[in-house]
Structure formats: C-alpha cells, structure tokens
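Architecture at a glance
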Amino acid sequence: MSLTESKLKDLEDKKFDKLFTKHKEEWTEVTTNAFVTARDNICGGREPRQDDVLKMIMPMLEPNETLRKHQEEHHARYKHFREAFAEYMIDIFYKEREERTNE
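Residues numbered from 1 in each chain as written. Predicted model: local features only at pLDDT ≥ 70, side-chain atom pairs only at ≥ 80, totals over all residues. Heavy atoms only, no water.

**A few points about the confidence of the model for the chain**
Residues of the chain with pLDDT of at least 70 account for 99%, and the chain-wide mean is 95. Mean pLDDT across the secondary structure elements of the chain bottoms out at helix α6 (residues 79-102), with 94, and peaks at helix α2 (residues 16-22), with 98. (pLDDT = per-residue confidence, 0-100. Helix = DSSP H or I, 4+ residues; strand = E, 2+ residues; numbered from the N terminus.)

**Considering the pattern of salt bridges**
Scanning all chains against the criterion turns up 8 salt bridges. In this structure, Asp13 engages Lys9 in a salt bridge whose closest nitrogen and oxygen atoms are separated by 2.9 Å. Of this pair, Asp13 and Lys9 both sit in helix α1 (residues 5-13), 4 residues apart, which is roughly one turn of that helix. A relative accessible area of 47% places Lys9 in the partly exposed class. A salt bridge links Glu73 to Lys69; the shortest N-O distance between them is 4.0 Å. Placement of both Glu73 and Lys69 in helix α5 (residues 65-73) is noted, with a separation of 4 residues, approximately one turn of the helix. Residue Lys69 is classed as exposed on the basis of its relative accessible area of 54%. (Salt bridge = Lys/Arg side-chain N within 4 Å of Asp/Glu carboxyl O. Buried < 20%, exposed > 50% of the residue type's maximum accessible area, 1.4 Å probe, protein only.)

**Some words on the environment of Arg82**
Positionally, Arg82 belongs in helix α6. According to the relative accessible area criterion, Arg82 is buried, its value standing at 12%. Ignoring any residue separated from it by four or fewer positions in sequence, one finds Arg82 in contact with Met58, Leu61, Glu62, Leu67 and Gln71. (Contact = heavy atoms within 4.5 Å.)

**Quick look at helix α4 (residues 50-61)**
The first and last C-alpha atoms of α4 sit 16 Å apart over 12 residues, in line with the 16 Å expected at 1.5 Å per residue. Residues of α4 that are buried: Asp52, Val53, Leu54, Ile57, Met58 and Leu61. (Expected span 1.5 Å × (residues − 1).)

**Section: empty space enclosed by the protein**
Using the criterion set out here, one finds 1 cavity of 30 Å³ or more in the structure. Roughly 40 Å³ of volume is contained in the largest cavity. Around the largest cavity, the lining residues are Phe20, Trp27, Thr28, Thr31, Met89, Ile92, Phe93 and Glu96. Those elements that place two or more of their residues in the lining of the largest cavity are α3 (24-41) and α6. Per-element tally for the lining of the largest cavity: the top contributor is α6, with 4 residues. (1 Å grid on protein atoms, 1.4 Å probe; cavity = no way out; pocket = protein on both sides within 12 Å on 5 of 7 lines; lining within 4 Å. Points joined across faces, edges and corners; volume = space filled by probe spheres on them.)

**Examining unusual backbone geometry**
The residue Lys15 is not glycine, and still its phi comes out positive at about 65°. Relative to the helices and strands, Lys15 is located in the loop between α1 and α2. Of note in the backbone geometry, His75 takes a positive phi value of approximately 50° without being a glycine. Residue placement: His75 occurs in the loop between α5 and α6.

**Details of the nonpolar core**
Counting residues in hydrophobic clusters, the biggest one holds 26 residues, and the most contacted among them are Phe16, Trp27, Ile57, Leu61, Phe85 and Met89. Elements that contribute at least two residues to this core include exactly α2, α3, α4 and α6. Take this core: its biggest share by element is 10 residues, from α6. Setting aside residues no more than four positions away along its own chain, Trp27 makes contact with Leu19, Phe20, Leu61, Asn64, Thr66, Leu67, Phe85 and Met89. (Core = buried A, V, L, I, M, F, W, Y, C linked by side-chain atoms within 4.5 Å.)

In structure tokens form, the structure reads like this:
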C-alpha cells in the first residue's frame with residue numbers, strides 16, 4: 001500500500017479529506033471491521049499489514065452510499081479514488097492506533 005503525496009493531493013482536490021472528517025465515525029468503523037477481518041481470516045490472529053486490510057476494505061466500500069454519493073457529486077467515480085480513499089482511511093487508522101499504543 002502506498003499513500004503518496006500525489007494521491008493525497010488528488011483526494012484533497014476532490015474533498016475526500018472533508019468527507020472523512022464529516023463521517024469519521026463511519027469510516028473508523030469500516031476500517032476497524034476490515035482490520036479485524038484481516039487479522040482473523042488472513043493473518044492467523046497476528047496484526048495485519050496495511051495491504052491485508054486494504055484487501056478487506058475494498059469490497060466494503062463498493063456499496064457504501066455515502067462514498068458513492070460523494071464520488072458522484074465531486075466527479076470522482078473512478079476506482080482509483082475509492083482505493084486511494086481506502087488507503088487514506090487505513091493510514092489514519094494505523095497512525096491513531098500507534099498514538100494510542102504510545103500513550
């Protein structure tokens with residue numbers, strides 16, 4: 001998984017950062033579910049790598065009406081926006097998880 005500065009800029013241009021902030025609880029729940037599913041079903045109980053979580057989160061995002069509506073309104077219907085947004089969600093999830101661990 002590679003959330004590059006270019007992808008971040010593309011997401012910000014299409015206001016995906018604002019979408020995340022506005023619905024942070026929903027996106028955190030989706031990411032947590034993907035993390036747990038990857039841990040339990042791919043990684044044998046070990047902490048999953050971000051790419052493992054990405055494998056689980058992508059099918060969860062496809063039917064998500066909040067995301068679909070945002071993509072339509074901001075002319076960002078391409079799959080690469082959905083995947084970059086998933087990487088963005090995972091990046092934040094892991095950063096926040098690390099911060100909680102370091103407290």
